Every structure is written in C-alpha cells, then in structure tokens.
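Per-entry structural report
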Amino acid sequence: MKCAKTVFSSLSFILIIFSLSILNAAAQEDNDQSEEDSNLNLCNFDHIKKFDTNGKLTTSWGVKGTGDGQFIHPHGIAVDSKGNVFVTDEETQNVQKFDSNGTFLAKWGSPGRGEGQFSPRIEDINVDSNDNVYVVDYGNNRIQKFTNDGEFITMWGSKGSEPGQFDRPWGVTFDSNGEVYVSDLRNNRIQKFDTNGKFLSEWGREGNGPGEFIHLHGIAVDSQNSVYVSDARENGRISKFTNDGDFITMWGSTGSEDGQFIEHHGIDFDSSGHVYVVDTGNQRIQVFTPEGKFIRAWGEMGVGNDQFLMPQDIAIDSSDNIYISDVGDAHPEISYIGRALDENKELTQESCSGVD
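Residues numbered from 1 in each chain as written. Predicted model: local features only at pLDDT ≥ 70, side-chain atom pairs only at ≥ 80, totals over all residues. Heavy atoms only, no water.

Observations regarding the side chain of serine 239
Along the chain, the position of serine 239 falls in strand S19 (residues 237–241). For serine 239, a relative accessible area of 0% translates into the label buried. Excluding residues that lie within four positions of it along the chain, serine 239 makes contacts with Phe213, Val227, Tyr228, Val229, Thr249 and Met250. (Helix = DSSP H or I, 4+ residues; strand = E, 2+ residues; numbered from the N terminus. Buried < 20%, exposed > 50% of the residue type's maximum accessible area, 1.4 Å probe, protein only. Contact = heavy atoms within 4.5 Å.)

Description of the sheet that holds strand S7 (residues 125–127)
Overall, antiparallel pairing links the 4 strands, which are arranged S7-S8-S9-S10 in an open sheet. Whereas interior strands pair on both sides, the edge strands pair on one side only; in this sheet they are S7 and strand S10 (152–156). Ignoring which end each strand starts from, the neighbouring axes of this sheet average 20° apart. Across 5 bridges, strand S8 (residues 133–137) lies against strand S9 (residues 142–146) in antiparallel orientation. Across the sheet, residue tyrosine 134 finds its bridge partner in S9, namely lysine 145. (Pairing = 2+ DSSP bridges. Axes fitted to C-alpha atoms, helices over the stretch in contact; angles between N-to-C directions.)

With respect to the pattern of salt bridges
Inspection of the entire model under this criterion finds 15 salt bridges. Aspartate 149 is the partner of lysine 97 in a salt bridge, and the nearest nitrogen-oxygen pair spans 3.3 Å. A residue pair is termed long-range when its members are at least 10 positions apart, and lysine 97 in strand S5 (residues 94–98) and aspartate 149 in the loop between S9 and S10 qualify at 52 residues. With relative accessibility at 8%, the residue lysine 97 sits in the buried group. Judged by its relative accessible area of 59%, aspartate 149 is exposed. A salt bridge links arginine 284 to aspartate 279; the nearest nitrogen and oxygen atoms lie 2.7 Å apart. As far as the burial class goes, arginine 284 and aspartate 279 line up, both buried. It is possible to trace a salt-bridge network through shared partners that takes in Glu90, Arg121 and Glu123. (Salt bridge = Lys/Arg side-chain N within 4 Å of Asp/Glu carboxyl O.)

Side note on the sheet that holds strand S21 (residues 267–269)
Reading across the sheet, the 4 strands line up as S21-S22-S23-S24 and stay open at both edges, with antiparallel pairing between neighbours. Two strands bound the open sheet, and with one partner strand each, they are S21 and strand S24 (294–298). On average, each strand axis in the sheet is tilted by 25° relative to the strand beside it, whichever way the strands run. Where strand S22 (residues 275–279) lies against strand S23 (residues 284–288), 5 bridges are found, and the strand directions are antiparallel. Looking at S23, one finds that aspartate 279 is bridged to arginine 284.

Some details on unusual backbone geometry
With a phi close to 55°, glutamine 93 is a non-glycine residue in the positive phi region. Along the polypeptide, glutamine 93 turns up in the loop between strand S4 (85–89) and S5. In this model, glutamate 263 sits at a positive phi of 50°, which is unusual for a non-glycine residue. Among the structural elements, glutamate 263 can be located in the loop between strand S20 (247–251) and S21.

A few points about the pairing of S10
As judged from the 4 bridges shared by S9 and S10, these two strands associate in the antiparallel manner. Following the sheet pairing, lysine 145 is matched in S10 by threonine 154. What sits between S9 and S10 in their antiparallel hairpin is a turn of 5 residues, with glycine 150 showing a positive phi close to 95°.

Regarding the packing of aromatic side chains
Under the criterion given, the structure shown has 26 aromatic pairs. A centroid spacing of 5.5 Å and a plane angle of 50° characterise the contact between tryptophan 251 and phenylalanine 288, whose relative ring orientation is tilted. Placement of the pair is tryptophan 251 in strand S20 and phenylalanine 288 in strand S23, with a sequence separation of 37 residues. Residue tryptophan 251 shares its accessibility class with phenylalanine 288, and that shared class is buried. Seen from their ring centres, tyrosine 276 and tryptophan 298 are 6.5 Å apart, and the 75° between their planes marks the pair as edge-to-face. (Phe/Tyr/Trp six-rings, centres within 6.5 Å; stacked < 30°, edge-to-face > 60°.)

Spelled out as structure tokens, the structure:
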C-alpha cells in the first residue's frame, strides 16, 4: 500500500511538471507571437496620416510595399489646389498621387538618371500656384519639374558648389512671385531660382550664427514671403529670412522640451499663419507663431492615432487639413530614433530588419 502511494505521488508530480511545461511553452509562444506582432506594427508602418489643426486623426492610408498606394520609405508630401496629395518614396524612387482621402490616382518615376527618373534618395516635393510638381532628386543633385499628371517639363542642377549646383538638395518651396527656393544641405545654403531653373541668388554658409547652417533640411515660405528653414543636427533650430535672404529671427535648440528639436524636417503653415514643424527625432509636431513663440505640440513614439514612428514631412491644404508622412523603420543616416515606446523597447534599424 505504501509502495502504491509512492508511485501515485510520483505520477502526480510528473503530471504537474508536464502540465507546467505545456503552460510555459504556450505562454512563451504567445509572448513570441506578441513580440512578432509588435515588430510588425512598429516596422510595417509606412503611411500617410491626415489630421485637423488640433491634432485629431481623421484618416490614414498606406502600408509597406511596392504596389499602388503602398510605400517603402515615404518622405516628401505636398498638396495641390484641388486637394490632391503627392508623396515621394525614397526606396521605390517614384511619386504617387492621391485624392484627399487617400484614393490612389497615379504614379510616375523609376530608378535612374534620365528625365523622370530618380536616385535612391528622392526627398522633398512641392506644388506651385499653377499645380506644377517639383521633386528634389537628392542623389542626382537636381530638381525635376512635372505637370500635375507627371509629364516631365524640365530639370536643373548637378553636383558641386557653384551657383545652380547642389550637394544633396533637400527641400523646395515657392514664394508668391513664383520664385523657387531650394535648401542645399551639404553646401549649407539656400538657392533661389526662377520657375525654369535660372539661378537668381543664394545665401548661407556653414556655422551657428545668424544666417548660418549646419545640415539644413526643410524649407517653406509663408503668405508674407518670409522664408523658414529647418537648421537641423547641431543647431537644432528654425531660421527665418526675407525672400532676399536677410536674416529676421531664429528659435530652438537641440532637445526634447517645448520649442526644442531633434533632427526636424518639414515645415508648413495653416490659414492663420501658424508655423508647423515636423520634429522627427521627438516623434511629434510642434506649432509656433511666426515669431517663434511655442503654441502646442502633439505626438509621441508609437502606432496610435496621434503617435508617430519617424514623421518626415508635412503639407497643409486650403481647408487646414494636415498631412504627415511617417516611416516605420529608422533612417540609415540617423543613429537614434528618439523616445522609446517604453523603457525596455526602442525601435532601431536592426529591430526592423527582415520585416516585410
């Protein structure tokens, strides 16, 4: 009898251990699946978000891919007079056109150096008052101009530091006279052209004083023809000029407090003249007066309605709808990604590798 009890106890112990092993394996599988789903959410996240001026999401579209309406690395974004939205994709080297609700309309472009072709880095895009589309062909060091439907019109630029040349152009914008402004990143200057690419003037040099830049990114012109420039990296600020290049003011520094920036990119304005800045490294949008007084901000690291992973550019239409391009994985030239989802989870280029 005593032997039987011992055997029974041993069997019971074995069954308990076996049951615990099954439960532990199931829990680990659920955890692995949850982590996999988290990675998919974090990395398969290349799309466009549309907000009102209070930062409330109204719609979004796009997933990671190469098909119509899909993106690998959406960057530049612009709207035309009809409310159509244009998006550049750094990886697929094309431009896609959508209506204001994200319905795919058209696309053009392919890898290369010919007319209507783009380098592996295609950056900003903008639309002039005649609804012509200008694309910053970063890797080919040129600006390309198209009709609203993507028919090639003209292009200008080559690698160098002479007037009309570029060393990694980044942003493009226009004033009310139709003149074109380009931020020339590695030359640390702004160049001004007519609509056919004829060089008119330039200003800027490397440094941290007024009118000087270190790694400038986005550029925009307000209704008063004042020019605003994202002076990223070390300077971490917005610089404001007249359309002739005379310095007006500047604000900001590197950091995560209100009015500070980490690797900020796009700039645009609402109908009230407020200045919206895409604070890429802090995963947020900041809003200022034209003089640089902080008004509000929204956004944080994440995949929720009012969250971003790596916001790139901004476009605001005539009805004050705000469009933001957001990228799901880290940019190869940025060694940080900003604030983490929690203290144990930070999105990096490595954490996104292998995710389709």
